[in-house]
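Tertiary structure, described
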Amino acid sequence: MSEEPLLRLDAVRVALGGKTLLNALSLEVRQGEIVGLVGASGSGKSLTALAIMGLLPRTAMLDGGLYWRGRPLFDRSPAALRAFRGREVGMVFQEPMTALNPLLTIGAQVGETVRLHTTATRGEAARRAAATLDRVGLGPDASWLARYPHELSGGQRQRVAIAMAITLSPALLIADEPTTALDSTTQAQVLALLKTLVRDSGMSLLLVSHDMAVMAATTTRLAVLEHGRIVEQGLTAEILQGARSPYARRLLDAARLAPRAAEARSEGGVSAPSSDAPLLEVRDVVREISLPRRSPWARPTSRRLVDAVSLTVSRGEIVGLIGESGSGKSSLLRLILALDRPQSGSVRLSGELFSSARGAHLRRLRRQIQIVFQDPYGSFDPEWTVERIVAEPLHLLDVQPTPGERRSKVSAALEAVGLSSHDARRYPHEFSGGQRQRIAIARALISEPALIVCDEAVSALDVLVRAQVLELLEELRARLAVSFLFVSHDLQVVRAIADRIYVMFGGRIVEEGDTRRVFAAPRHAFTAELIRSTLTP
Amino acid sequence: MRIDRGGAGFFAGAVITTLFLAVAALATVWTPYDPAAIAIVHKLQPPSALHWLGTDQLGRDELSRLMAGAKASVSVALLAVLIGAGCGVPLGLLAAARPRTVDELVMRGNDLLFAFPSLLLAILITAVLGPGARVAIVAIGVFNVPVFARVTRAAGLAIWTLDFCLAARAAGKSAALISWEHVLPNIVSVLVVQLTIQFSLAIVAEAGLSYLGLGVQPPASSWGHMLGDAQTLTALAPSLAVIPGVAIVCFVLGLNLLGGGLRARRET
């Protein structure tokens, strides 16, 4: 192709605080093309996007060439750069919660871009905003303009963010992990939308993600980034067929790991669940919340978050619970952990009633069940050392251990999850996301529970780390005979690890069964929809 | 040393605050003259080597009175703020930890307390206890309770939403223990900032109360008192009003700089 590409990066190098973060990075984006930039967290993907937008931190050192339609980008004045952002390049970020201003209506935010960069009047801007919202699939209904971000779901917010980026028909759209925070069905819809926009408008798209499955579904060309260097670049189809670099192969394996592990296990028949009384038995639990009254004399109304849910987990079993955000998963978990009490129904642990236990009896039962949370940042008190964090569930013991016993228990738990006993003296902020999740698992293990509930425990991790943590859970199950209730919106992950799965939708369990059976022949329409929308590279 | 946002303000605030606290501490053991010793012959003297800041209309040494006034102001303000924090923080923690009904009860009680200006409260207490430093301490202290309760509750609620509080509940810990072990340590920096700000407000409030004769009683000295005495003499000896006024302004400014600097440090 002799034509000058839309965007060309030529041996770009970015250094921050004396450390080189991007090195000899060369990349081209042509008209109407979808280019993927893939790599694990910390590989410099987002930094590349910021460098193109000219939004690097002020202390960053940049050299090498960035060319826009053949002309260098950096000798532009600040005003010209601002016009370039927004008019010529649009950007969509990962987090749909924080990308929108909660105090402004959707219409005002989309219209703002128009009014900043053109001479359009308020009315014209509103008309263009409405037209763009229609283009991103929110429908032609003008009432969208008057809504606020909190009235929208995550997927709708991401559509609004895309609308903001494309109202001025930029030549290039940069999307930084645009679907990572979304449910799988929503993810599939948003990716399809991006593809349609590119096809219809001739816009180019630079898609940044850690997920090879997203790349496989969307991009035509792919650049694989490791530690700030491009280690492989080429047509997506070819890289998927046979990646040359070991790093690209690792990323691919991590994204594909899921089904393979599940099949290996079901063929090998590792630890078939035993048939005694179930470890956890949830029967017909209901959780309602009362909604605020519209007026003092209005009839009180309530909403069922969990509607007559029953499920069981046997000893040594890994059970998956799938549901999208808002399906009532988290409310159900709080009932299972006896953090909330159900309005009716019961939760039993090894046959004993847990949901209405009190005092010493409750504490004794609590020892059997612990939890690992999603967020590797909010799960720990930042003021506490790892030793204190991991030892916290020891509070459940009737006789408190001596300081020596406590230390040796903490060391044992840390070693069980692949950390060292020296880590006990450090603070949580000194660890990476994957290591923090190991600390969370160590905390869950220390009271020697029979069941660990994992609430989206790997959703915030990138694919490589995710694979490691899943392996760790498998290993703990085999070695310590712990059961897991694994809650996630990510079908692939659940498929990789669970023996049996439950599918939750609108507060109810709509499907349950052996993992392979459910994937091969889903009975409920929602499950079928979920499976259809799951991406695999 | 790392220089961060609010560095200069923080430093200036820390120096001024330390200086005033040191003077107040010194005044408990030593002042140049007895601040209450009347010597009419030496009345209304300008600053000199003997009396650095001159004397007042009764011939009392102005510097000694200023130092003694610092002692009175600081002790009243400190005790008042400690009463406010001592009652307000536990109430705020309770409101943050407990179900909606308790929360509502505590916070509406707070609103009720908030509705009375501290001056009205002080007059009320004077009617019961008679005037004195105790009145000022109780009135300003009570006025501080809802402030601390609100700040604690708001900051505490944010901590309660974090997963580590759920993990602590799953570890069988009671709400009181979680408040003590997790919530309080994580909001302590917010409270320290609030403490310095409230301390400066209490200094002003104390000066106001004793100016009106509701606080520290003569012959003991206080800044508000000195201002009140100087009022009739402003034409004759303006420095008598200026000196305690400047002292109040400097100390309050110092505390506010310190509070602002602490807040900036917390945010970096």
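Residues numbered from 1 in each chain as written. Chains lettered and ligands numbered in written order. Predicted model: local features only at pLDDT ≥ 70, side-chain atom pairs only at ≥ 80, totals over all residues.

**Looking at the overall build of chain A**
So the rule is basically this: Numbering goes from the N terminus for both helices and strands, where a helix is a DSSP run of H or I of at least four residues and a strand is a run of E of at least two. Counting other C-beta atoms within 10 Å of its own, a residue is labelled buried from 20 upward, exposed at 12 or fewer, and partly exposed in the gap between, with every C-beta atom placed from the backbone. Two residues qualify as a contact pair if the distance between their C-beta atoms, derived from the backbone, is within 7 Å.
When helices and strands are counted, chain A shows 18 helices and 20 strands. Of all 537 residues assigned to chain A, the portion counted as buried reaches 45%. Taking all contacts inside chain A whose residues are at least 6 apart in sequence as the whole, residues at least 24 apart take part in 70%.

**Focus on the overall build of chain B**
Across its full length, chain B holds nine helices and zero strands. In sequence order, chain B lays out its α and β elements as α-α-α-α-α-α-α-α-α. The principal-axis extents of the C-alpha atoms in chain B amount to approximately 75 × 50 × 30 Å. Going through the 268 residues of chain B one by one, you find that 46% of them count as buried. Nonlocal contacts in chain B, meaning residues at least 24 apart in sequence, comprise 71% of its contacts between residues at least 6 apart.

**Side note on the confidence of the model for chain A**
Residue and element names in this part refer to chain A. Stated formally: The predictor attaches a confidence to each residue, and that confidence, scored 0 to 100, is pLDDT.
Counting all residues, the mean pLDDT for chain A is 86, and 96% of those residues have values of 70 or more. Considering each helix and strand of chain A separately, the mean pLDDT is smallest for helix α9 (residues 246–268), with a value of 64, and largest for helix α12 (residues 386–391), with 94. Contacts of residues 259–274 to residues separated by more than four positions or lying in other chains number 17 contacts, the stretch itself having pLDDT below 50.

**Some remarks on the pairing of strand β2 (residues 19–29) of chain A**
Residue and element names in this part refer to chain A. Put simply, the rule is: Two strands are counted as paired when DSSP detects at least two bridges linking them.
Sheet topology note: the strand β1 (residues 7–16)/β2 ladder contains seven bridges and is antiparallel. Paired with Val 12 across the strands is Leu 25, a residue of β2. In this structure, the hairpin formed by β1 and β2 is closed by a connection of two residues, where Gly 17 is found at a positive phi of approximately 60°.

**Examining the packing of helix α4 (residues 118–129) of chain B against helix α5 (residues 133–160) of chain B**
All names here are of chain B. Quick reminder of the rule: To obtain each axis, a line is fitted to C-alpha atoms, and for helices this fit is confined to the stretch in contact; angles are then taken between N-to-C directions over 0 to 180 degrees. Relative orientations are named as follows: roughly parallel for angles under 35 degrees, roughly antiparallel for angles over 145 degrees, roughly perpendicular for angles from 65 to 115 degrees, and oblique for any other angle. Should the near helix be turned counterclockwise from the far one by less than a right angle, the crossing is left-handed, whereas a clockwise turn marks it as right-handed. For this classification, Asp, Glu, Lys and Arg are treated as charged, while Ala, Val, Leu, Ile, Met, Phe, Trp, Tyr, Cys and Pro are nonpolar and the rest, including Gly, are polar.
Between α4 and α5, the shortest axis-to-axis distance is 9 Å and the interhelical angle comes to 140°. On the basis of their axis angle, the class for α4 and α5 is oblique. As for the relative orientation of α4 and α5, their crossing is right-handed in sense. Facing α4, whose interface residues are Ser 118, Leu 121, Ala 122, Ile 125, Thr 126 and Leu 129, α5 presents Arg 134, Val 135, Ala 136, Val 138, Ala 139, Ile 140, Val 142 and Phe 143. Across the contact of α4 with α5, the residue classes tally to 11 nonpolar, two polar and one charged.

**Details of the environment of Ala525(A)**
By the element assignment, Ala525(A) lies in helix α18 (residues 525–533). Taking the C-alpha atoms as reference points, Ala525(A) and Glu511(A), 14 residues apart in sequence, are found 9.7 Å from one another.

**Side note on the domain arrangement of chain A**
By a frequent convention, interface size equals the accessible area lost on bringing the separate parts together. Residues and elements named next belong to chain A. The following threshold applies: Residue ranges assigned to each domain were obtained from an automatic or database domain assignment.
Structurally, chain A comprises domain 1 (7–244), domain 2 (257–288 + 303–368 + 451–537) and domain 3 (381–448). Across the contact, 15 residues belong to domain 1 and 15 residues belong to domain 2. Counting only elements with at least two residues in the side of domain 1 that touches domain 2, the list comes to α6 (184–201) and α7 (212–218). For the side of domain 1 that touches domain 2, the leading source of residues is α7, giving five residues.

**Brief notes about the sheet that holds strand β5 (residues 71–72) of chain A**
Spatially, β2-β1-β4-β5 (chain A) is the arrangement adopted by the four strands of the open sheet, whose pairing is antiparallel. Of all the strands in the sheet, the pair left with one neighbour each is β2 and β5 of chain A.

**Examining the sheet that holds strand β3 (residues 34–38) of chain A**
Backbone hydrogen bonds hold the strands of a sheet together, and the pairing may be parallel or antiparallel. Residues and elements named next belong to chain A. Across the sheet, which stays open at both edges, the six strands sit in the order β6-β7-β8-β3-β9-β10 with mixed pairing between neighbours. Each edge of the sheet is formed by a strand with only one pairing partner; in this case those strands are β6 (89–92) and β10 (229–235). Geometrically, the sheet is characterised by an average inter-axis angle of 15° between neighbouring strands, direction not taken into account. The sheet contact formed by strand β9 (residues 221–226) and β10 spans six bridges and is antiparallel. Its bridge partner lying in β10, Leu 225 is registered against Ile 230. This element, helix α5 (residues 154–166), spans β6 and β7 (172–176) of the sheet and lies at about 165° to β6.

**Description of the packing of helix α3 (residues 100–115) of chain B against α5(B)**
All names here are of chain B. Following both chains from N to C, one finds α3 and α5 inclined at 145°, their axes separated by 9 Å at the closest point. Considering how the two elements wind past one another, α3 and α5 form a crossing that is left-handed. When α3 is examined against α5, the residues Val 106, Met 107, Asn 110, Leu 113 and Phe 114 are found in contact with a partner set consisting of Val 142, Val 145, Pro 146, Ala 149, Arg 150 and Arg 153. Considering only residue class, the contact of α3 with α5 consists of eight nonpolar, one polar and two charged.

**Some points on the interface of chain A and chain B**
Across the contact, 18 residues belong to chain A and 14 residues belong to chain B. Each residue belonging to the side of chain A that touches chain B can be placed in one class, and the counts come to seven nonpolar, four polar and seven charged.

**Considering the nonpolar core**
Threshold: Each nonpolar core consists of buried Ala, Val, Leu, Ile, Met, Phe, Trp, Tyr and Cys residues. Their C-beta atoms, within 7 Å, join them into a set.
Membership of the largest hydrophobic core comes to 223 residues, with the highest contact counts inside it found for Leu251(A), Val390(A), Ala442(A), Val453(A), Leu485(A), Phe486(A) and Ala136(B). Element by element, the count of residues in this core is highest for helix α2 (residues 62–97) of chain B, at 18 residues. Here Val390(A) is in contact with Val410(A), Ala413(A), Leu414(A), Ile439(A), Ala442(A), Arg443(A) and Ile446(A), once residues within four sequence places are set aside.

**Quick look at helix α7 (residues 175–211) of chain B**
Residue and element names in this part refer to chain B. This is how the line gets drawn: The span expected for a helix works out to 1.5 Å for each residue beyond the first. What we call the bend at a residue is the angle made by axes fitted to the seven residues finishing there and the seven residues starting there.
The end-to-end C-alpha distance of α7 is 45 Å, clearly below the 54 Å that 37 residues give at a rise of 1.5 Å each. At Val 188, α7 shows its largest bend, some 50°. Just past α7, the residue Gly 213 takes up positive phi, approximately 85°.

**Some points on the pairing of strand β13 (residues 318–322) of chain A**
Residue and element names in this part refer to chain A. Counting buried positions over the five residues of β13 gives five, a clear majority of the element. Bridging between β13 and strand β18 (residues 483–488) involves five bridges; their strand directions are parallel. Residue pairing for β18: Gly 320 is matched across the bridge by Phe 486.

**A few points about α5(A)**
With 13 residues, α5(A) should reach 18 Å at 1.5 Å per residue; the first-to-last C-alpha distance of 19 Å fits that figure. Along α5(A), 12 of the 13 residues are buried, which leaves the element largely enclosed by surrounding structure.

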